[in-house]
Amino acid sequence: MLNLGQLETKVMDVLWDSPGEPLRVRDIMDRLGDVVARAYTTVITVLDSLHRKGWVVLHTEGRGYVYPPAKNREEAAADALLEVLESAADSDAVLPHFARTASDDEAGILRRGLRRRTNKPSS
């Protein structure tokens, strides 16, 4: 994801792989595994950074904290795509180019998504 460091990305993957289950720092450390063994304070620092960036929410539970993701993985990916689109010098040319290069499966997914969007009742 855009604007995330390597360890931040790994922590977000742990949180996204535990849907509906806000995790404590120790839970996150356990799920990061031995390959990414980190100090407790390092994981807290990463979670604080993710909270400031709007990637995680901080909730008090008992005498400690739990950290659910602010968005699911798909919402975060869609936001990243929008950020890339908005950063293009000619964003009007980006979507048609993407549409021309999309696979048949991807084009079908886009069509279904657009149909759902146009079939939404007006507010």
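Above this text is the structure in question.
Since this is a predicted model, take the numbers as computed values, not measurements. Residue indices follow the written sequence of each chain, beginning from 1 at its first position. Thresholds applied to this predicted model are a pLDDT of at least 70 for local features of residues and 80 or more for the giving and counting of side-chain atom pairs; totals over whole chains, interfaces and linings are not thresholded and use all residues. As a rule here, side-chain values come from all non-hydrogen atoms in the structure, and water together with hydrogens is ignored.

Take the overall build of the chain next. Only DSSP runs of H or I with at least four residues qualify as helices, and only runs of E with at least two residues qualify as strands; both kinds are numbered from the N terminus onward. Counting secondary structure elements, the chain contains six helices and two strands. Listing each helix as α and each strand as β along the chain from the N terminus yields α-α-α-β-β-α-α-α. Using C-alpha atoms as the atom set, the radius of gyration is obtained and then compared with a globule rule of 2.2 Å times the number of residues to the power 0.38. Taken over the C-alpha trace, the chain has a radius of gyration of 18 Å; the compact-globule value for 123 residues is 14 Å, which it surpasses by more than 25%. Principal axes of the C-alpha set define a box for the chain whose edges measure 50 × 35 × 25 Å. In this scheme, a residue with accessible area under 20% of its type's maximum is buried, one over 50% is exposed, and one in between is partly exposed, where area comes from a 1.4 Å probe on protein chains only. Buried positions account for 26% of the 123 residues belonging to the chain. Any pair of residues with heavy atoms lying within 4.5 Å of one another is described as a contacting pair. Counting contacts in the chain only where the partners sit at least 6 residues apart, residues at least 24 apart contribute 49% of the total. For the chain, the accessible area works out to roughly 8,900 Å², and carbon and sulfur atoms hold 52% of it. We score Asp and Glu as negative and Lys and Arg as positive, and we do not count His or the chain ends. For this purpose, a charge sits on NZ of Lys, CZ of Arg, CG of Asp or CD of Glu. Between the mean site of the 17 positive side-chain charges and the mean site of the 19 negative ones, the chain shows a separation of 2 Å. Here the accessible surface of atoms and residues is derived via Shrake-Rupley with a 1.4 Å probe, and residues count as covered only by protein chains that are part of the display.

Before going further, it helps to examine a positive patch on the surface. A residue counts toward a patch only above 30% relative accessible area and without a salt bridge, and it is joined to like-charged neighbours within 9 Å or, for Val, Leu, Ile, Met, Phe, Trp and Tyr, to nonpolar neighbours within 5 Å. Salt bridge, as used here, is a side-chain nitrogen of Lys or Arg placed within 4 Å of a carboxyl oxygen of Asp or Glu. Judged by side-chain charge, Arg111, Arg112, Arg115 and Arg116 come together as a positively charged surface patch. Relative to the helices and strands, arginine 112 is located in helix α6 (residues 104-118).

Considering all chains together, one arrives at seven salt bridges under this definition. Across the pair arginine 24 and glutamate 61 runs a salt bridge whose closest N-O atoms are separated by 3.1 Å. Of this pair, arginine 24 sits in the loop between α1 (6-16) and α2 (25-32) while glutamate 61 sits in strand β1 (residues 59-61), placing them 37 residues apart in sequence. Of the residues examined, arginine 24 reaches a relative accessible area of 35% and is grouped as partly exposed. Classification of glutamate 61 by relative accessible area gives partly exposed; the value is 38%. Between lysine 71 and aspartate 79 there is a salt bridge, and its shortest N-O distance comes to 2.3 Å.

Grouping buried Ala, Val, Leu, Ile, Met, Phe, Trp, Tyr and Cys residues that are joined through side-chain atoms within 4.5 Å yields what is termed a nonpolar core. Ranked by internal contacts, the top residues of the largest apolar core, which has 20 residues, are Val11, Met12, Ile28 and Leu50. At the level of secondary structure, the elements contributing two or more residues to this core comprise α1, α2 and α3 (40-52). Looking at which element gives the most residues to this core, the answer is α1, with six residues. Those residues in contact with valine 11, other than ones at most four positions away along the chain, are Ile28, Leu32, Val46, Leu47 and Leu50.

Another aspect to go through is α3. One full turn of an α-helix is made of 3.6 residues, so residues set three or four places apart face in the same direction. With 13 residues, α3 extends 19 Å between its outermost C-alpha atoms, agreeing within 8% with the 18 Å of an ideal straight helix rising 1.5 Å per residue. Those residues of α3 that fall on the buried side of the exposure criterion are Val43, Val46, Leu47, Ser49 and Leu50. Projected onto a plane normal to the axis of α3, the buried residues spread over an arc of 160° and lie on a single side. Away from its buried face, by an angle of more than 90 degrees, α3 presents the exposed residues Thr41, Thr45 and Arg52. Looking at the buried side of α3, the elements it contacts are α1 and α2. Among the residues trailing α3, glycine 54 stands out with phi positive, at a value near 85°. Expected span, for any helix, means 1.5 Å times one less than how many residues it has. Think of it as the arc spanned by the lines of direction from the helix axis to the C-beta atoms.

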